[in-house]
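# Fold and geometry: a report
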Amino acid sequence: MGESIVITSGKGGVGKTTTTANIGTALALMENKVCLIDTDIGLRNLDVVMGLENRIIFDIVDVIEERCKLKQALIKDKRFDHLTLLPAAQTSDKTAVTTEGMQKIVEELKQEYDYIIIDCPAGIEQGFQNAIAGADKAIVVTTPEKSSVRDADRIVGLLEKEDIESPKLVINRIRNHMMKSGDMLDIDDIIQILSIDLIGIVIDDDEVIKASNHGEPVAFQPNSKASIAYRNIARRILGETVPLQSLEDEKGVFQKVKSFFGMRS
Amino acid sequence: MIDKKQMIIIKGTKDGLTLFIEDQGSFEEVMDELSDKLAENNPSHDEPVVPVTVKLGNRYLNDQQKKQLSDLIGNKNRFSIQSFDSEVIRRDEALTWKEDSEIKSINRIVRSGQVLEVVGDLLLIGDVNPGGKVVTTGNIFIMGSLRGIAHAGLNGDRDAVIAASYMKPSQLRIADYISRAPDYESEGVYMECGLIDEKQDKIVIDRLQVLSHKRKDISGFERRMQNG
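Residues numbered from 1 in each chain as written. Chains lettered and ligands numbered in written order. Predicted model: local features only at pLDDT ≥ 70, side-chain atom pairs only at ≥ 80, totals over all residues. Heavy atoms only, no water.

Chain B appears in an unreviewed UniProt entry as Probable septum site-determining protein MinC from Virgibacillus litoralis. Checking UniProt for chain B, the heading Function (unreviewed entry) contains the comment "Cell division inhibitor that blocks the formation of polar Z ring septums. Rapidly oscillates between the poles of the cell to destabilize FtsZ filaments that have formed before they mature into polar Z rings. Prevents FtsZ polymerization." In its Sequence similarities (unreviewed entry) section, the UniProt entry covering chain B states "Belongs to the MinC family." (UniProt positions renumbered as here; feature names shortened; annotations may be inferred.)

Labelled according to an unreviewed UniProt entry, chain A appears under the name Septum site-determining protein MinD, originating from Virgibacillus litoralis. Word for word, the UniProt comment on chain A under Function (unreviewed entry) is "ATPase required for the correct placement of the division site. Cell division inhibitors MinC and MinD act in concert to form an inhibitor capable of blocking formation of the polar Z ring septums. Rapidly oscillates between the poles of the cell to destabilize FtsZ filaments that have formed before they mature into polar Z rings."

Pasting the structure below:
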């Protein structure tokens, strides 16, 4: 029996889809059977980020309206056999999706998979209600900006009303120099306001954009900063204790030697 | 009539007259006896109006009876009833009083978009986040950070206060006063309270210690009973 996790944020553009794709990929890398569900009907993206756009034949609305079996709509990832995607519909009527329909799909997938990762649309309307309907756990994504923290707070409030375990927090797009200069909210400030457990921080990394444009989630890369961050989050989901990534740029040996001699780096 | 106990005793004090009405016996008997008593003196019009306090003991008067009594006493006499003083109140009135003056302790976080409404005083163990709101008819005490909106004394109690462990509110509202945070970025303050300053005619934020002389009745349970 698997576990379903919804990735949500309230505000748009903070990196829900990227986080979904990368956490899913990282979990799959660790030999878990993972299914990703895109619930953003009409604005689907997850298939693009995963590079599976061309393979879509059926989508979630087809499943709900029983035009196909659930298994037919699932797309196997090109890299792993045990990672699949249930894409959102792009054109169909979005009122077709109901909370009951979602719950049914997630229940069915849970029999088969270890982790069901649900990508939630922005906003707090029906799409959000559908996305969280089948979830056991939730991960709230925010960036170190006031507006996205405010929306995350609203979302946490709404999640608390549902039958979902206390949500976990991912702080995305951290820019170390801005945080240091005080132009961005501090990690501590954000945690203090939201008062939920932090499950990971992801540094703003150009590699993320490059990778998602290539349809290859950044988590596949062996040692980019964001990749390590997402794999750490996956390990924490699996129950490991992993220390938070340091925000400092790691210095190379040469720079270390230079600073040892008191030279400016 | 002869062995009947006197039901009404009138005493004069420096604040006017006090009317003690025996709480045994029917209201009609009281009215009869009182009208007899009052008939005894015929005041002239140049006498000053005397305030009367009516002490009812364990008798309960409804509004109609109160009006009858004030009509009788005020009629043709230089008296005016200042207050009724009874040992008993109705059950629902008592419950309302209790509700109004009770402190409700609530343990939660009031997050963005949420509103927490309470009758009486609120002791919130938790934060009020930006975009969240707490509203009470009494005082607000927050063991946590106040970063949203707090509205105390909703029904017009200007003596209500708002206190918090950490204060950085977006707005403070007390009764019909509103104050908002300044436009520039500011640090919050620890262990302070907001209250209406009569002289400045606005809400001020001050140290908690000032409450001990500015809002003395805050520690008393019956404070709102005296205020009516």
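Resuming the write-up.
Next up on the list: the layout of surface pockets. For the largest pocket, the calculated volume is near 1200 Å³. As for the largest pocket, its lining consists of 39 residues, and the residues nearest its centre are A:Lys146, B:Tyr166, B:Lys168, B:Glu185 and B:Ser186. Broken down by secondary-structure element, the contributors of at least two residues to the lining of the largest pocket are α7 (146-161) and α9 (187-194) of chain A together with β11 (162-167), β12 (171-174), β13 (177-180), β14 (189-197) and β15 (202-207) of chain B. By residue number, the principal contributor to the lining of the largest pocket is α7(A), which donates four residues. A class-by-class count of the residues in the lining of the largest pocket yields 18 nonpolar, nine polar and twelve charged. Around the second largest pocket, the lining is made up of 27 residues, and of these A:Asp40, A:Leu43, A:Cys120, A:Pro121 and A:Ala122 lie nearest the centre. Taken together, the elements giving at least two residues each to the lining of the second largest pocket come down to α1 (16-29), α2 (46-50) and α6 (126-133) of chain A. (1 Å grid on protein atoms, 1.4 Å probe; cavity = no way out; pocket = protein on both sides within 12 Å on 5 of 7 lines; lining within 4 Å. Points joined across faces, edges and corners; volume = space filled by probe spheres on them. Helix = DSSP H or I, 4+ residues; strand = E, 2+ residues; numbered from the N terminus. Nonpolar A, V, L, I, M, F, W, Y, C, P; charged D, E, K, R; others polar.)

Taken together, the twelve residues of chain A in the interface contact eleven residues of chain B. Counting each side, the surface lost to burial between chain A and chain B is near 980 Å², with a carbon and sulfur contribution of 36%. Summed over the three residues of chain A that lose the most area to chain B, namely A:Arg150, A:Asp153 and A:Ile193, the buried surface amounts to 44% of that side. At the boundary of chain A with chain B, the tally comes to three salt bridges. Counting across the interface, chain A meets chain B through seven residue pairs in polar contact (both at pLDDT 80 or more). Put simply, the parts of the chain that give the side of chain A that touches chain B at least two residues each are α7 and α9 of chain A. Broken down by element, the side of chain A that touches chain B gets its largest block of residues, seven residues, from α7(A). Residue composition of the side of chain A that touches chain B, grouped by class: four nonpolar, three polar and five charged. (Contact = heavy atoms within 4.5 Å. Buried area = accessible area lost by both parts, 1.4 Å probe. Salt bridge = Lys/Arg side-chain N within 4 Å of Asp/Glu carboxyl O. Polar contact = N/O pair within 3.5 Å; in protein donor to acceptor, adjacent residues only side chain to side chain.)

Moving on to the sheet that holds strand β2 (residues 34-38) of chain A. Residues and elements named next belong to chain A. If you walk across this open sheet you meet the eight strands as β3-β4-β2-β5-β1-β6-β7-β8, and the pairing is mixed. A single partner strand is all that each edge strand has here, and the edge strands are β3 (75-76) and β8 (197-203). In terms of strand pairing, strand β7 (residues 168-174) meets β8 through five bridges, oriented parallel. Bridging from a neighbouring strand, Leu 169 pairs with Leu 198 of β8. Helix-sheet contacts for helix α5 (residues 99-112) involve β1 (3-8), β2, β4 (83-86) and β5 (115-119), and the interaxial angle to β5 is about 150°. (Pairing = 2+ DSSP bridges. Axes fitted to C-alpha atoms, helices over the stretch in contact; angles between N-to-C directions.)

Before going further, it helps to spend a moment on the pairing of strand β2 (residues 16-21) of chain B. All names here are of chain B. Here six bridges tie strand β1 (residues 8-13) to β2, and the two strands are oriented antiparallel to one another. Note that in β2 the partner of Lys 11 across the bridge is Thr 18. What sits between the antiparallel neighbours β1 and β2 is a turn of two residues. Where β2 and strand β3 (residues 50-57) come together, four bridges link them in parallel fashion.

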